[in-house]
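# Per-entry structural report
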Amino acid sequence: MIYDVGVVGAGFGGLAAAATLAKKGMKVAVFEASNELGGSAGKFERNGYRFQSGATLGMGFEEGGVLHRLFDQLNIDPPAMTLLDTIMDIHMPDRTIHYFRERSRWYEEIQRVFPTQSSAIQSFYDEVYRVGAIVDQLTEDLPVFPPRTLKDFMHLVPFVNKDAMKLLPFMNQTVEDRLKKYSLHNHRLFRVFLNGELMDSVQTSVEYCPAFLGYAALQTFHKGAYAVHGGLAAVAERLASFIKHSGSDLYMRHPIHKVEKSGQHFEFHTKRDRVFRAQKALLNNSVHNFHDTVSKEMGEQSYVKALKEEKRDSWGAFIIHGGVEGAVFEGEDAMYHQFIDPQKPDDLHDGGQFLMSLSDPRDSSMAPVGKRSLTISTHTSISPWWNSEKYEADKEQMKNRLLDTVDFYFPSFKEKLDIVLPGTPITFQKWLRRKNGKVGGYAPTGKYSWLNSYSIRTGIPDVYQCGDTVFPGAGTLGVTLSGMTAAKEMTR
Ligand SMILES: Cc1cc2nc3c(=O)[nH]c(=O)nc-3n(C[C@H](O)[C@H](O)[C@H](O)COP(=O)(O)OP(=O)(O)OC[C@H]3O[C@@H](n4cnc5c(N)ncnc54)[C@H](O)[C@@H]3O)c2cc1C
């Protein structure tokens, strides 16, 4: 048989696209290399714990949010989840900032922690909310962005209205440029805080982050951050089950090693020499892997240039999956904790600052009774891991740096751990097939860096791409949006 669409990868992008296509009556085949769904937002189980492979914080589930719209369109319920009143606690050597969802509580907190410049910071946040809302409005109709074809430009014309015009100044400035307008660029503490939030969401810091992208990410936290019961993998499981119930097929443990054009359709070759056929192809296995997946002829036809691609930098992640006695965090409201290393508070990566996500104590699927499963992750530079002659020692050292920092803020944490599983970019390549362990898409490198983004188009007729290496970039919300945009274009 010939499928309508073949999708490579069952990450959030591929699953969102496949489910949307299946809803529209298309016969889809999704090929997933591993035996887990959700890729970087998947899970694995060990010793009675359920660990989240990477992503932990769910967003876009509020009314009108991207995931909410997806589940609405599919007419299925999302998994149970806890809406977080405290998005996260940010632990700094001399204070803890409670990052509240509700605007009024957040503004009160700003007054408490940044008393001397609180009104400037609140005005800055007024702008964040205002501009973020315009970006949301624009993305709702799923236009192809950045535009690549005349058709893409034509589709953008209706969006060129008064509101969109208001966005223009934020498309040629960085967040730092905006901080200068509020005389906040030298406010060290606020910068450390903001850099932490931007690294978590946009993978970069104030000086390199295009303002409109940074603002959209910052306001998203306040629209609703969620701890999904069963982890974000539970979302992937729902989408997968919808795809199967709609009559489409999901092939687990089916790594695709080549996609090539054959006559009017595409052939998907698996490692076990099985060949599947489809009219169209959607690649969700990251642009980093593009040239390893498509045939040479297709590679030459594409906008994605192998040489340019190799030179573009991406972060890796150092991760620790762990299990801990629940008592250590007794009385703590927050499930998400960002830590700033007291020794090196300005380091943005490699342990200088990092996020620890604790499982929801109300969610019994994540850990044995009285325990909590946790994920600690920090951005890391990739090449040292691949070139290290003392890989195991480096891994041990990074693990200790992270655990020591948590222990500094929560004494007795280390002794209450009963399982600790560290992972490096090498782990991410092995289990999630992220080339060289690159995760989180392309970090913005300046005010115009968004112009270098890949859209869902590959430049090859009937071949599309989605996921965190495609605009708007990393995060389960962003990749879901790219999957929905791809599905919309494939059925236009
Ligand atoms: C440490 C870490 C923490 C994060 N935290 C958050 C967070 O808290 N909240 C959030 O929203 N986002 C977070 N993110 C980002 C988010 O996880 C990713 O942006 C998103 O999950 C990527 O989805 P994707 O669709 O691009 O594909 P991926 O998740 O990369 O999935 C691609 C899938 O394709 C499969 N595949 C690869 N090659 C092949 C092949 N040849 N054949 C078949 N299958 C193949 C892989 O096995 C994988 O399942 C985090 C990321 C990391 C790494």
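Residues numbered from 1 in each chain as written. Predicted model: local features only at pLDDT ≥ 70, side-chain atom pairs only at ≥ 80, totals over all residues. Heavy atoms only, no water.

As annotated in an unreviewed UniProt entry, the protein chain is C-3',4' desaturase CrtD from Halobacillus aidingensis.

### Considering helix α10 (residues 233–245)
Formally: Only DSSP runs of H or I with at least four residues qualify as helices, and only runs of E with at least two residues qualify as strands; both kinds are numbered from the N terminus onward. Expected helix span is given by 1.5 Å per residue-to-residue step, counting one fewer step than there are residues. Burial status follows relative accessibility: with a 1.4 Å probe on protein chains alone, a residue under 20% of its type maximum counts as buried, one over 50% as exposed, and anything between as partly exposed. Residue contacts follow a heavy-atom distance rule, with two residues in contact if any of their heavy atoms lie within 4.5 Å.
Compared with an ideal rise of 1.5 Å per residue, which puts 13 residues at 18 Å, α10 spans 18 Å between its outermost C-alpha atoms and is within 8% of the ideal. Where α10 is concerned, the buried positions are Ala233, Ala234, Val235, Ala236, Leu239, Ala240, Phe242 and Ile243. Here the buried face of α10 lies against α1 (12–23), β3 (43–46), β4 (49–52), α2 (66–74), β9 (225–228) and β10 (249–251). Following α10 by one or two positions, glycine 247 has its phi on the positive side, about 95°.

### Side note on the nonpolar core
Let me state the cut-off plainly: In plain words, nonpolar cores are sets of buried Ala, Val, Leu, Ile, Met, Phe, Trp, Tyr and Cys residues tied together by side-chain atoms within 4.5 Å.
Ranked by internal contacts, the top residues of the largest apolar core, which has 82 residues, are Phe124, Tyr125, Phe193 and Phe413. Considering every element that reaches this core, the biggest residue donor is helix α4 (residues 118–139), with ten residues. Apart from the residues lying within four places of it in its own chain, the contact partners of phenylalanine 124 are Val175, Arg178, Leu179, Tyr182, Leu184, Phe190, Leu194 and Tyr215. Ranked by size, the runner-up nonpolar core spans 68 residues in total, among them Ala16, Val30, Ala41 and Phe268.

### Thoughts on the site of the ligand
Put simply, the rule reads: Residue proximity to a molecule or strand is established when one non-hydrogen atom of the residue lies within 4 Å of it. For the purposes of these results, a polar contact is taken to be a pair of N or O atoms within 3.5 Å, where, inside protein, one atom must be able to donate a hydrogen and its partner to accept one; residues adjacent in sequence count only when each atom of the pair is a side-chain atom. Side-chain classes follow a simple rule in which Ala, Val, Leu, Ile, Met, Phe, Trp, Tyr, Cys and Pro form the nonpolar group, Asp, Glu, Lys and Arg form the charged group, and the remainder, Gly included, forms the polar group.
In the vicinity of the ligand lie 35 residues, with Glu32, Ser40, Asn284, Arg434 and Thr476 positioned nearest. Contacts to the ligand include glycine 475, whose backbone N or O atom sits 2.9 Å from an oxygen atom. Put simply, the parts of the chain that give the shell around the ligand at least two residues each are α1, α16 (425–432) and α17 (476–490). Its residues assigned to classes, the shell around the ligand comprises 16 nonpolar, 15 polar and four charged.

### Thoughts on the environment of aspartate 136
Examined against the element boundaries, aspartate 136 turns out to sit in helix α4. For the pair aspartate 136 and aspartate 333, spaced 197 residues apart in sequence, the C-alpha to C-alpha distance is 29 Å. The residues touching aspartate 136, leaving out its near neighbours within four places in the chain, are Gln219 and Lys223.

### A closer look at the packing of α2 against α10
Heads up, the rule is: With axes taken as lines fitted to C-alpha atoms, and helix axes fitted only over the stretch in contact, angles between N-to-C directions fall between 0 and 180 degrees. Should an angle fall under 35 degrees it is taken as roughly parallel, and over 145 as roughly antiparallel, whereas 65 to 115 is taken as roughly perpendicular and any remaining angle as oblique. Two helices that cross are described as forming a left-handed crossing if the nearer one is turned anticlockwise from the farther one by less than a right angle, and a right-handed crossing if clockwise.
Relative orientation of the contacting elements α2 and α10 amounts to 25°, with a least axis distance of 12 Å. Comparing the axis directions of α2 and α10 gives the class roughly parallel. Considering the relative orientation of α2 and α10, their crossing is left-handed. Residues Leu67, Leu70, Phe71 and Leu74 of α2 form the contact with α10, whose participating residues are Val235, Arg238, Leu239 and Phe242.

### Quick notes on the pairing of strand β16 (residues 353–358)
The test is simple: Any two strands with at least two DSSP-identified bridges between them are counted as paired.
Most of β16 sits out of view: six of its six residues are buried. One ladder, built from five bridges, connects strand β15 (residues 336–340) with β16; its direction is antiparallel. Its bridge partner lying in β16, phenylalanine 339 is registered against phenylalanine 354. Sheet topology note: the β16/strand β17 (residues 371–380) ladder contains four bridges and is antiparallel. Bridged to methionine 356 within β17 is isoleucine 376.

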